[in-house]
Amino acid sequence: MAFLALEGLTRKFGTHLAVDGLSLGVEKGEFVALLGPSGCGKTTTLQMIAGFVEPTSGAIALDGRDLLAVKPAKRGLGIVFQSYALFPHMTVAENVAFGLEMQGVATAERTRRVAETLELVGLGTFAARYPRQMSGGQQQRVALARALVIRPQILLLDEPLSNLDAKLREEMQIELRQIQRSVGTTTILVTHDQGEAMALSDRIAVMNHGKVEQFAPPHEAYERPATPFVASFLGKTNLVGGTTVRPEKISFAASGLAGRVKTRIFQGNHWLYQVDTPSGLVTVIRQNSGETMPGEGETVHLAWGTT
Amino acid sequence: MRAMKAAPYLLSTPALLLFGAIVVVPLAMTVALSFHDWGQYKGIEPVSILKNWHEVFTDSYFLEMFWRTFRIALLVTLLTAVLGVPEAYILNRMRSPWRGIFLLVILGPLLISVVARTLGWALLFGGSSGIVNKALMSMGVISSPLPFMFTETGMVVALAHVLMPYMVLAVWAALQRLDPQIENAAVALGAGPFTVVRRIVLPQIMPGILSGGVIVFALAASAFATPAIIGGRRLKVASTLAYDEFLNTLNWPLGAAVAVLLLLALIAIVVASSRLVEKRYAQVFG
């Protein structure tokens, strides 16, 4: 049995099936992303693990124990909320210490572990600040430290990076991955951002309409999508002559599918093309290698290898 | 550009004139009046003397009135806080449509005259003919009517009822600003329901409770209708005292001194407590 096992998990809100017989096994130390569009049931799934929402039916087992029989306050899970949900009236150190205090950890030990965890997230010198005196990225780290300091069996991340700007998000992704690796905590990330899911996780569970469509390592899910939904949700795809082709797998060649360049957009490290062909509009991504590329209105031939 | 700069002042002139005419001028006249002399047979003499102020500050009768006024206002504030804070918390946790319905129940009384609401209390507890008193006596629970009319207790209860919506609204506004996930965050860290309220929710809504308290205190200390109905002329507070001096004794200057003193005391208390709240919570909530 997996470390965290979700079995036939179902949650109804009125007549709406938010989560529909979801089964998933997460191994110890693994980083798993629940990925899907809004309303796919990923957040409800997370809230059922956390205990904030009760499943209509199904079971959750953590390390062989029935998790649903445990009160939310006793589950000992670390959660980072989308809004961070820091306690604004407490300093950073008090925020981080709160969970230890609830566990009845002695003061000396508490102080040591708070300092240690703040050091881990790179906030060693911010202990006396209040949350509102910190930037979004720093608040995010405080939320992470507050969740990790209690040494949770599972770390739950609910869209943790969605409130950060693009550059900071990328930095935090790398840092989050490093911290998770060094601590080794089993982590479940809920996100709608496929880039984030692929960058961070060992395995991705792509969800749609309350069900898992595919549960696989990012590379596998991207290269061999199990369903059309997974193919379209993970990255861009073209449907040409009944087969799906990734835009970056298509190249301009001397012969092949003929078409006219409708639009060409320069995006720094790559070019994004929309090519009008007899089989419809095809998206093509070409690396920017410094060569001259076909311009708008030109006739091109498209070729791709068969997989 | 000059015209543009003058525009805001020109636009606010009508309102300023109205404000001056109905607030500032009468207030200044009342202050001036408090320095005038008065006699049973000579009436009001427009002089500038400190006789009324001397009387207000030295006669223990006035001290007693003012002390009673602030004691009642303080008790009303405490009572509305003790009942209103849990009320607002429960209201905030309700789901629609119940939340809307109960908000209306709480705010509804504001649409009814204070006089009508206070008279309701008088009907329930007014001596041996009060409905509740009658019922309790006929059931043998009490042998004599519960003392309510002309008592401080009665005044506190009726004022707390009348002013409750202000406290609930102030606390509710503070609760609305809470992060909806914050209680879950505390629960996930192992906090029980009581700890969540005491350590997480209460400290964050404290500014709301305190500002609600300031409003309720100011309104309770200056209330007229409720003390007039419950206390009548037997149990007077500062506002009914000033009224009595104006309309029964006809000693307008003394009434003016009482009214001005009540105003000054209230301003001092409200400003001081607001400062305190701002200073205390500035770096946390801003």
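Student: I'm lost on the overall build of chain B in this one. Help?
Tutor: Helices and strands together make up the secondary structure of chain B, namely twelve helices and two strands. Considered along the principal axes of its C-alpha atoms, chain B spans approximately 80 × 75 × 35 Å. Counting every position in chain B, which comprises 286 residues, the buried fraction comes to 30%. Restricting the contact set of chain B to residue pairs at least 6 apart, pairs at least 24 apart contribute 69%.

Student: Would you take a moment to explain the packing of helix H7 (residues 152-176) of chain B against helix H9 (residues 193-222) of chain B for this structure?
Tutor: How two helices sit against one another is set out by the angle between their axes and by the gap between those axes. Residue and element names in this part refer to chain B. At a closest axis distance of 8 Å, the pairing of H7 and H9 adopts a crossing angle of 155 degrees. As the angle between them shows, H7 and H9 are arranged roughly antiparallel. Both H7 and H9 take part in a crossing whose hand is right-handed. The segment H7 lies against H9, with Leu 159, Leu 163, Tyr 166, Met 167, Ala 170, Val 171, Ala 173, Ala 174 and Leu 175 engaging Ile 205, Pro 207, Gly 208, Ile 209, Ser 211, Gly 212, Ile 215, Val 216, Leu 219 and Ala 220. By residue class, the composition of the contact of H7 with H9 is 16 nonpolar, three polar and no charged.

Student: Even after reading the chapter, I still don't get the sheet that holds strand E6 (residues 78-80) of chain A, so can you show me in this structure?
Tutor: Backbone-to-backbone hydrogen bonds pair the strands of a sheet. The strands run either parallel or antiparallel. All names here are of chain A. Pairing is mixed in the open sheet, where six strands are placed in the order E6-E7-E8-E3-E9-E10. The strands lining the two open edges of the sheet, one partner per strand, are E6 and strand E10 (211-216). Geometrically, the sheet is characterised by an average inter-axis angle of 15 degrees between neighbouring strands, direction not taken into account.

Student: Before we go on, may I ask you to explain helix H5 (residues 166-183) of chain A in this structure?
Tutor: An α-helical turn contains 3.6 residues, so a residue and the one three or four places further along point in the same direction. Residue and element names in this part refer to chain A. Its 18 residues give H5 an end-to-end C-alpha distance of 26 Å, which sits within 8% of 26 Å, the value for a rise of 1.5 Å per residue. Looking at the buried residues of H5, the elements they touch are strand E3 (31-35), helix H3 (107-120), helix H4 (136-148), strand E8 (186-191) and helix H6 (194-200). Immediately downstream of H5, the backbone of Gly 184 shows phi near 75 degrees, a positive value.

Student: Just checking my understanding: could you explain the domain arrangement of chain A for this structure?
Tutor: Frequently, the measure chosen for interface size is the accessible area removed from exposure when the parts meet. Parsing chain A into structural domains produces domain 1 (4-229) and domain 2 (237-304). Computed over C-alpha atoms only, the centres of domain 1 of chain A and domain 2 of chain A are separated by 39 Å.

Student: Whenever I open this one, the packing of helix H5 (residues 114-125) of chain B against helix H6 (residues 131-138) of chain B confuses me. Can you help?
Tutor: Residue and element names in this part refer to chain B. Contact geometry for H5 and H6: axes closest at 3 Å, N-to-C directions at 20 degrees. If you check the angle between H5 and H6, you find them roughly parallel. When H5 is examined against H6, the residues Leu 123, Leu 124 and Phe 125 are found in contact with a partner set consisting of Ile 131, Val 132 and Asn 133. Looking at side-chain class alone, the contact of H5 with H6 contains five nonpolar, one polar and no charged residues.

Student: Can you help me understand the interface of chain B and chain A in this one?
Tutor: With 18 residues of chain B at the contact, the number on the chain A side is 19 residues. Secondary structure elements with two or more residues in the side of chain B that touches chain A: helix H8 (182-188), H9 and helix H12 (252-285) of chain B. Looking at which element gives the most residues to the side of chain B that touches chain A, the answer is H8 of chain B, with five residues. By residue class, the composition of the side of chain B that touches chain A is ten nonpolar, seven polar and one charged.

Student: I keep staring at the nonpolar core and nothing clicks. Help me out?
Tutor: Side chains of nonpolar character tend, in soluble globular proteins, to be buried together. Leu 156, Ile 188, Ala 205 and Val 206 of chain A are the most contacted members of the largest nonpolar core, which has 78 residues in total. Those residues within four positions of Ala 205 of chain A in sequence are excluded, and the remaining contacts are Leu 24, Val 32, Ala 33, Leu 34, Leu 35, Val 212 and Phe 215 of chain A. Ile 72, Ile 209, Ala 257 and Val 258 of chain B belong to the second-largest nonpolar core, a separate cluster that totals 52 residues.

Student: Any chance you could explain the pairing of strand E14 (residues 257-266) of chain A here in plain terms?
Tutor: Residue and element names in this part refer to chain A. Here E14 runs beside strand E17 (residues 299-304); their pairing, made up of four bridges, is antiparallel. Among the inter-strand pairings, Gly 259 is bridged to a residue of E17, identified as Val 300. Sheet topology places E14 next to strand E15 (residues 270-277); six bridges connect them, and they run antiparallel. Paired with Ile 265 across the two strands is Leu 272, which belongs to E15.

Student: Where do I start with the pairing of E17 of chain A in this structure?
Tutor: Side-chain direction in a regular strand flips from residue to residue, so the side chains alternate between the two faces of the sheet. Residue and element names in this part refer to chain A. Of the two faces of E17, the one lined by Val 300, Leu 302 and Trp 304 is fully buried and the one lined by Thr 299, His 301 and Ala 303 carries no buried residue. Relative to E17, strand E13 (residues 250-253) is paired through four bridges, and the arrangement is antiparallel. In the sheet register, Ala 253 faces E17, and the bridge partner there is His 301.

Student: Sorry if this is basic, but what is going on with the environment of Glu 171 of chain A here?
Tutor: Residue and element names in this part refer to chain A. Structurally, Glu 171 is set in helix H5. For Glu 171, a count of 12 C-beta atoms within 10 Å gives the class exposed. A C-alpha to C-alpha distance of 26 Å links Glu 171 and Glu 94, two positions 77 residues apart in sequence.

Student: How do you make sense of the confidence of the model for chain B when you look at a structure like this?
Tutor: Low-pLDDT portions of the prediction should not be read for the details of their coordinates. In the predicted model, chain B carries a mean pLDDT of 90, and 98% of its residues have values of at least 70. Reported confidence for the predicted complex is 0.84 by ipTM and 0.82 by pTM.

Student: Can you walk me through the sheet that holds strand E1 (residues 4-13) of chain A in this structure?
Tutor: Residue and element names in this part refer to chain A. Here we have four strands laid out as an open sheet, ordered E2-E1-E4-E5, and antiparallel in their pairing. The strands lining the two open edges of the sheet, one partner per strand, are strand E2 (16-26) and strand E5 (65-66). Here E1 runs beside E2; their pairing, made up of seven bridges, is antiparallel. When the bridges of E2 are listed, Leu 6 appears paired with Leu 24.

Calculation rules
- Every chain's residues receive numbers from 1 upward, in the order its sequence appears when written.
- Each chain is given a letter, starting from A, and each ligand a number, starting from 1, according to the order in which they appear as written.
- Per-residue local features are limited, in this predicted model, to residues with pLDDT of at least 70; the limit for side-chain atom pairs, both in listing and counting, is 80 or more; totals at the level of whole chains, interfaces and linings are taken over all residues.
- For the purposes of this entry, the term helix denotes a DSSP run of H or I that reaches at least four residues, the term strand denotes a run of E that reaches at least two, and both are numbered from the N terminus.
- Comment: burial labels come from other C-beta atoms within 10 Å of the residue's own C-beta, placed from the backbone, where a count of 20 or more is buried, 12 or fewer is exposed, and between is partly exposed.
- By definition, residue pairs are in contact when their C-beta atoms, positioned from the backbone, come within 7 Å.
- Here, axes are lines fitted to C-alpha atoms. For helices the fit covers the stretch in contact, and angles between N-to-C directions go from 0 to 180 degrees.
- Throughout, the term roughly parallel applies to angles under 35 degrees, roughly antiparallel to angles over 145, roughly perpendicular to angles from 65 to 115, and oblique to all others.
- By the definition used in this description, the sense in which the near helix is turned from the far one sets the handedness, with an anticlockwise turn below a right angle giving left-handed and a clockwise turn giving right-handed.
- Gly is placed with the polar residues, together with every amino acid not listed as nonpolar (Ala, Val, Leu, Ile, Met, Phe, Trp, Tyr, Cys and Pro) or charged (Asp, Glu, Lys and Arg).
- For two strands to be treated as a pair, DSSP must find no fewer than two bridges joining them.
- Expected span, for any helix, means 1.5 Å times one less than how many residues it has.
- A domain assignment, automatic or from a database, supplies the domain bounds used here.
- In this usage, the nonpolar core is the set of buried Ala, Val, Leu, Ile, Met, Phe, Trp, Tyr and Cys residues whose C-beta atoms join them within 7 Å.
- Values of pLDDT, the confidence the predictor places in each residue, fall between 0 and 100.

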